Each structure stands twice: as C-alpha cells, then as structure tokens.
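Summary of the model geometry
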Amino acid sequence: MMDQTKPRVGAAKPSHHPGEEVLLDYAIGASSPAEALVIDLHLEFCAQCRRTVDDLLAVGGALLDVMEPAFVSPQMFNKTLQAIGQNAPTSPTKPSPIPRVPTFAVGWPAPLRDRVTANRLKQWRWLPAGFRALRIPMSDGDARIWVMKAPGGRGPFKHTHSREEWTVVLQGGFTDETGKYEMGDFVSAGRDEAHHTVAEPGEGCICVLLVRAEPIYTTLPGKLLAPFVRI
Ligand SMILES: [Zn+2]
C-alpha cells in the first residue's frame, strides 16, 4: 500500500539551498547539533548540496595533504577528522529489533525519524486551528527544533523573530512574501524580517523549523495563538 505520509525524498528537486558558508560549517563539523540536523534533512533531498559538501571535504583533505603540519591547529585537525568521520560511508544500518517508529514518522528522512524513535516521541501535540507540532529535543542551548504540520491554506500567521530561523520543507509546501517553497527546500528567514507563511491549499505542509528565539507575533490572532504554539 502506498504510504501517503512518505515525502518521496528522491522525487524532490529543491530550488532553495543553504549558503556555502553554512555548508562549509557543516562540512567541517562546526554546525551545532540542531543546525546539523536541519542541513542533514536538506541533504536528504538535495543532490546538489551533497556534491558541494563532498567537494568542500575534498578541498579540505587536499589542503591537509599539502600543508606543513605546523600550520594545522589541533582544533582544526580534530574538526576535520570529525567531519571526515561523520561523512564517511557507513555500514548498512542494522534493522531495529522492535520497530517503534510512530505511523506519522514512518516515511520521514532517517535523521529525523531516528530522533523521533530515540526520544520515544509518540504523538503530535495538537494546536488550535488544526495545526500540529512535535518538539525534537536537542542539546543546543536556545535553539529548538520543531516539526510543524499546517493544514492547507493556513499558516502560523504573521510573525517576526529576533534571530535567524531555518526551515526545511518535508512535505507539501508553503508561500510567503519571498516566494513559494516546496519539498526539500531550505529557507532562512533573517533577523527582524516579518513574514506571513501560508501552507499550500489541499495537502498542507509539514516543515522542520530551527528556531533560535521565540517569534514575536504582530497580529491579534498571532498573539492569541502564541501561548499555545511557543515555537
Ligand atoms: Zn541544496
């Protein structure tokens, strides 16, 4: 039976990508755990960025080959080793003896699905107006990862935030003042940018958000909803 929740990772052709600096941080292992998870999810969908990360790692490896040892700080050397280790091909994943993936997460990309399973998250948190949310616990200080599910034609209202917010679209899509975003797209909303996101009609949208500070709602419905959402 066709799983309707599956985001069809291979079918995605993202047109919005992280900047090269963000990918470089990721490649050398300098991203925070929450940042690395969001980038991992985009890479699941995006062959172009996977190639860029591979190229950055290759350049890093070549630089290590030609540099005098004295020029490589222990910190950078460790970071590079760590990055190479993180990106090395891994042996096939052992099948879990007892699959405990909740139904809603079965088709999600492995980096996210594994965290849902590891944290024993069993159900969405229901919010007003048909929204659902799932907080993914992370070790980062003030960064929070939320999976948000928005019904078609609805969005989390107009909001702004004091720090950068990252989003990867898992399923469906949304639009805001800056354009239309579809499965696999990476979106970075900058500091103090007010935006009004609306999920695609019909299917709606499932997104993964990295939020570094609570959004500041600027409309009355947004202010009313904020205590429930608290993303
Ligand atoms: Zn990409």
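Residues numbered from 1 in each chain as written. Predicted model: local features only at pLDDT ≥ 70, side-chain atom pairs only at ≥ 80, totals over all residues. Heavy atoms only, no water.

**A short note on the overall build of the protein chain**
The helix and strand inventory of the protein chain stands at 6 helices and 11 strands. The long-range fraction of contacts in the protein chain, counting pairs at least 24 apart against all pairs at least 6 apart in sequence, stands at 67%. (Helix = DSSP H or I, 4+ residues; strand = E, 2+ residues; numbered from the N terminus. Contact = heavy atoms within 4.5 Å.)

**Some words on the coordination of the zinc ion**
Note on the zinc ion: its protein donors are His 17 (ND1), His 42 (NE2), Cys 46 (SG) and Cys 49 (SG). The metal-donor distances range over 2.0 to 2.3 Å. Geometry at the zinc ion is tetrahedral, judged from the 4 donor atoms that bind it and their angles of 100 to 115° at the metal. Expressed as a motif, the donor residue spacing for the zinc ion is H-x24-H-x3-C-x2-C. Of this pair, His 17 sits in the segment before α1 (20–27) while Cys 46 sits in the loop between α2 (33–45) and α3 (47–66), and the two are 29 residues apart along the sequence. (Donors = N, O, S within 2.8 Å, 3.2 Å for Na, K, Ca; no water. Tetrahedral: all angles 85-135°; square planar, octahedral: opposite > 155°, others 65-115°.)

**Description of the environment of Ile 39**
Position of Ile 39 among the secondary structure elements: in helix α2. As for Ile 39 and Trp 166, which are separated by 127 residues in sequence, their C-alpha atoms are 9.4 Å apart. Excluding its chain neighbours within four sequence positions, the residues that come into contact with Ile 39 are Pro 18, Val 22, Leu 23, Tyr 26, Trp 166 and Phe 186.

**Overview of the confidence of the model for the protein chain**
In the predicted model, the protein chain carries a mean pLDDT of 79, and 65% of its residues have values of at least 70. Ranking the elements of the protein chain by mean pLDDT puts helix α4 (residues 74–87) last, at 60, and α2 first, at 96. (pLDDT = per-residue confidence, 0-100.)

**Some details on the pattern of salt bridges**
Here the structure, examined in full by the defined rule, presents 2 salt bridges. Put simply, Lys 180 and Glu 182 hold a salt bridge, and the shortest N to O gap is 3.9 Å. For Glu 182, a relative accessible area of 42% corresponds to the partly exposed category. Lys 180 serves as the salt-bridge partner of Glu 200, at 3.8 Å between the closest nitrogen and oxygen. With Glu 200 in the loop between β9 (198–199) and β10 (205–211) and Lys 180 in strand β6 (residues 179–182), the pair connects residues that are 20 residues apart, well separated along the chain. Put simply, Lys 180, Glu 182 and Glu 200 are held in one network by salt bridges that share partners. (Salt bridge = Lys/Arg side-chain N within 4 Å of Asp/Glu carboxyl O. Buried < 20%, exposed > 50% of the residue type's maximum accessible area, 1.4 Å probe, protein only.)

**Section: unusual backbone geometry**
Negative phi values dominate among residues other than glycine, just as trans dominates among peptide bonds. Phi angles above zero are rare outside glycine, and Arg 120 is one such case at about 55°. Counting through the fold element by element, Arg 120 comes out in the loop between α5 (110–118) and β1 (125–126). On the basis of relative accessibility, which here comes to 53%, the residue Arg 120 falls in the exposed class.

**A few points about the environment of His 16**
Counting through the fold element by element, His 16 comes out in the segment before α1. The exposure class of His 16 is partly exposed, given its relative accessible area of 27%. Sequence-distant contacts of His 16, defined by excluding residues within four places in its chain, comprise His 42, Lys 180, Tyr 181, Asp 185 and Phe 186. Only 3.5 Å separates the side chain of His 16 from the backbone oxygen of Lys 180, close enough to count as a polar contact. (Polar contact = N/O pair within 3.5 Å; in protein donor to acceptor, adjacent residues only side chain to side chain.)

**Comments concerning α5**
Turning to α5, its buried residues are Pro 111, Leu 112 and Val 116. The arc that holds the buried residues of α5, viewed along the axis, is 135°, so those residues lie on one side. Here the buried face of α5 lies against α2, β2 (132–136), β3 (144–150), β5 (165–176) and β10. Backbone geometry just downstream of α5 places Arg 120 in the positive-phi region, at approximately 55°. (Arc of directions from axis to C-beta.)

**Quick word on the nonpolar core**
Core analysis: the biggest nonpolar cluster contains 38 residues, and Trp 108, Leu 112, Leu 134, Ile 136, Ile 145 and Val 147 have the highest contact counts within it. Those elements giving two or more residues to this core turn out to be α1, α2, α3, α5, β2, β3, β5 and β10. For this core, the element with the highest residue contribution is α2, accounting for 8 residues. Beyond its immediate chain neighbours, meaning those up to four positions away, Ile 136 contacts Leu 112, Arg 115, Val 116, Leu 121, Ile 145 and Val 147. Ala 150, Ala 199, Leu 209 and Val 211 belong to the second-largest nonpolar core, a separate cluster that totals 15 residues. (Core = buried A, V, L, I, M, F, W, Y, C linked by side-chain atoms within 4.5 Å.)

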